[in-house]
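# Fold and geometry: a report
Below, each chain spelled out in residue letters.
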Amino acid sequence: MDYLTVTAVFRQLDDETLAGILDPLPILGCQVEDTGGWVVVTVYCDEKRRASLQTIGDALAAAGGERIETGSLGDRDWLASYRASSQPFPVGRLWWLDPHPEAPSPPPPGRIRLAVEPRSAFGSGSHESTQLLLLALEEMDLVGMRVLDVGTGSGILSLAAAARGAAWIAGFDIDPVSVFVAARTVREQERPVDVSLFVGPLEAVGSTFDVVLCNMLWSQMEPLIPGLARHLSPSGTLLLSGLLAADHVAATGACRGAGLEATASRSLGEWLGLEAHHG
Ligand SMILES: C[S@@+](CC[C@H](N)C(=O)[O-])C[C@H]1O[C@@H](n2cnc3c(N)ncnc32)[C@H](O)[C@@H]1O
């Protein structure tokens, strides 16, 4: 797919004025560069919006934009250069996150390699909310256990659960692209990993699990809490991440409302993780 661009330079431009210009326009986003003296604004829109290029250019010109130019940007793998420059890195005491499945770097002694190439699904291992759950998993013996990975993203937590000995792992996401990426990531591990992946909502899950993992923003997680409790076996462990300190009270309250007691918390940067069990 091609993206169309409209570029304009401004002698001066503040954020509020820019937002006012762009808000009514059918655009995908914009990039602003202050080149010292000039502010260069590049607006991106869908190739299907070719007919709107004139309107966008006119709006930028009316706001003081000069040297209006239109162009196009071919579809690119935007993550390619990031991937190429990524280096393997440790997380906690156990994990070794290797962004290069095709060129494995041996983990330092005592560490387990998870090969996760940064792609368009969340979960390369570099985000603290993911790391909170990796840290929790490294302390758990999952041998023989059933694990549910809610919002699997790249599939990284399923890989970690498998490495801890889980007997059966189901991972799902409402985002089809994430599940496609997760399936590819699972296939790329040095040793075969067995994860059942599907695209869909929590309501499509039929069984209960010994461990339920869920890393997402509180606004996304809150409506799922009763369902997460229903899918947790009586002696199971629910591990949540992606919360902020400000969500702590609401999250423990919602857990209580679903019959769960939050028994431990852990934080990394601004992110908070909770562990909960049936009360
Ligand atoms: C922050 S990412 C976590 C990815 C990975 N599990 C990790 O820990 O790095 C959250 C994921 O949850 C998915 N998601 C959001 N709402 C969901 C829902 N209601 N049911 C299932 N997945 C959901 C998103 O598509 C996204 O892939």
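To be clear, the structure that these remarks concern was listed above.
Summary of the structure given here. Quantities reported herein were computed from a predicted structural model and do not represent experimental measurements.

Helical periodicity: at 3.6 residues per turn, an α-helix aligns residues three or four positions apart in one direction. Here helix 1 (residues 15–22) has its buried residues at Leu18, Ile21 and Leu22. Seen from one end, helix 1 has its buried residues packed into an arc of 90°, which puts them on one side. Taken together, the buried residues of helix 1 touch strand 1 (3–10), strand 2 (29–34), strand 3 (39–46) and helix 2 (53–62). Between the side-chain oxygen at the start of helix 1 and the backbone nitrogen of Glu16 there is a gap of 3.1 Å, and the oxygen is on Asp14.

Here we come to the state of the cysteines. Disulfide: a covalent bond connecting the sulfur atoms of a pair of cysteines. Across all of its chains, the model carries 0 disulfides by this definition. Looking at the unpaired Cys30, the closest cysteine sulfur is the one in Cys45, lying at 12 Å.

On to the environment of Leu232. On the secondary structure map, Leu232 appears in strand 12 (residues 232–244). Classification of Leu232 by relative accessible area gives buried; the value is 3%. Each C-alpha atom of the pair Leu232 and Leu148 lies 8.9 Å from the other, and the pair is 84 residues apart in sequence. With near-sequence residues (within four places) excluded, Leu232 lies in contact with Thr208, Phe209, Asp210, Val212, Thr237, Leu238, Leu260, Ala276 and His278.

Let's shift gears to the packing of aromatic side chains. A ring pair, where both rings are aromatic, is described by two values, the distance of the centres and the angle of the planes. Throughout the structure, instances matching the rule amount to 2 aromatic pairs. An angle of 15° between the planes, with centres 5.8 Å apart, marks the rings of Trp168 and Phe209 as stacked. Pair noted here: Trp168 is in strand 9 (residues 168–173) and Phe209 is in strand 11 (residues 209–215), with a separation of 41 residues, a long-range link. According to the relative accessible area criterion, Phe209 is buried, its value standing at 1%. Here the aromatic rings of Phe172 and Phe198 are separated by 5.0 Å at their centres, their planes lie at 10°, and the arrangement is stacked. Of this pair, Phe172 sits in strand 9 while Phe198 sits in strand 10 (residues 196–199), and the two are 26 residues apart along the sequence. Judged by relative accessible area, Phe172 falls into the buried class, the value being 3%.

On to unusual backbone geometry. Even without a glycine there, the phi angle at Arg67 is positive, about 50°. In this fold, Arg67 is placed in strand 4 (residues 66–73). Since its relative accessible area comes to 56%, Arg67 is described here as exposed.

Looking now at the pairing of strand 9. Note on strand geometry: in a regular strand, side chains alternate between the two faces of the sheet. Counting buried positions along strand 9 gives 5 out of 6 residues, so the element sits mostly inside the fold. Crossover strand 8 (residues 146–150) to strand 9 through helix 5 (residues 156–163) is right-handed. As paired elements, strand 9 and strand 10 share 4 bridges and run parallel to each other. Residue pairing in the sheet places Gly171 in a bridge with Leu197 of strand 10. The β-α-β motif built from strand 9, the intervening helix 6 (residues 176–187) and the parallel element strand 10 has right-handed crossover chirality.

What counts as what
- Residues numbered from 1 in each chain as written.
- Predicted model: local features only at pLDDT ≥ 70, side-chain atom pairs only at ≥ 80, totals over all residues.
- Heavy atoms only, no water.
- Buried < 20%, exposed > 50% of the residue type's maximum accessible area, 1.4 Å probe, protein only.
- Helix = DSSP H or I, 4+ residues; strand = E, 2+ residues; numbered from the N terminus.
- Arc of directions from axis to C-beta.
- Contact = heavy atoms within 4.5 Å.
- Polar contact = N/O pair within 3.5 Å; in protein donor to acceptor, adjacent residues only side chain to side chain.
- Disulfide = S-S within 2.5 Å.
- Phe/Tyr/Trp six-rings, centres within 6.5 Å; stacked < 30°, edge-to-face > 60°.
- Right-handed = clockwise from strand over helix to strand, strands pointing away.
- Pairing = 2+ DSSP bridges.

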